[in-house]
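Notes for the structure review
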Amino acid sequence: MAFRPLHDRVLLRRVESDERTKGGIIIPDTAKEKPQEGEVIAVGPGARDEQGRINALDVKAGDRVLFGKWSGTEIKVDGQDLLILKESDILGVIAA
C-alpha cells in the first residue's frame, strides 16, 4: 500500500462483526451498525509539541483498537474501504 498518514493520524480497517445474534438470528446488511473496532494498518510519525519534538504514537500497525462511533474520515485506498482518524479518537487497544 502506498499511503502513509501524517502527524498523529492512524489508518485502520474496520473489523466486521458477526452476522448472527447470540440467539442465531441473521442480521441483514441494511440493519447492521458500522463496527467500532478496527485493525491499525499504518500510523504517522507523531505530533509535534511546543518545543518541536515529535511525540511517538501509542498504537502500532497490527493493533486492534476501539474508536468512537462518528470518528474519522472514510477513504478508499487500493480498492479497500479504510478509515483515517487522529490518535485521540482511539478509545483503547484490545489486548490479544
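The following refers to the structure shown. (Residues numbered from 1 in each chain as written. Predicted model: local features only at pLDDT ≥ 70, side-chain atom pairs only at ≥ 80, totals over all residues. Heavy atoms only, no water.)

Focus: the pattern of salt bridges
What the rule picks out here adds up to seven salt bridges. Between Arg 13 and Glu 39 there is a salt bridge, and its shortest N-O distance comes to 3.8 Å. Here Arg 13 is found in strand S1 (residues 9–14), whereas its partner Glu 39 is found in strand S2 (residues 37–43), with 26 residues between them in sequence. Residue Arg 13 is classed as partly exposed on the basis of its relative accessible area, which comes to 31%. (Salt bridge = Lys/Arg side-chain N within 4 Å of Asp/Glu carboxyl O. Helix = DSSP H or I, 4+ residues; strand = E, 2+ residues; numbered from the N terminus. Buried < 20%, exposed > 50% of the residue type's maximum accessible area, 1.4 Å probe, protein only.)

Thoughts on the sheet that holds strand S7 (residues 80–86)
Taken together, six strands build an open sheet; the order of strands is S6-S7-S1-S2-S5-S8 and the sheet is antiparallel. Edge positions in the sheet fall to strand S6 (73–77) and strand S8 (90–94), since each of these pairs with one other strand and no more. On average, adjacent strands in this sheet sit at an angle of 45° to one another, irrespective of strand direction. The sheet contact formed by S2 and strand S5 (residues 64–67) spans three bridges and is antiparallel. Across the sheet, Glu 37 pairs through a bridge with Leu 66, a residue of S5. (Pairing = 2+ DSSP bridges. Axes fitted to C-alpha atoms, helices over the stretch in contact; angles between N-to-C directions.)

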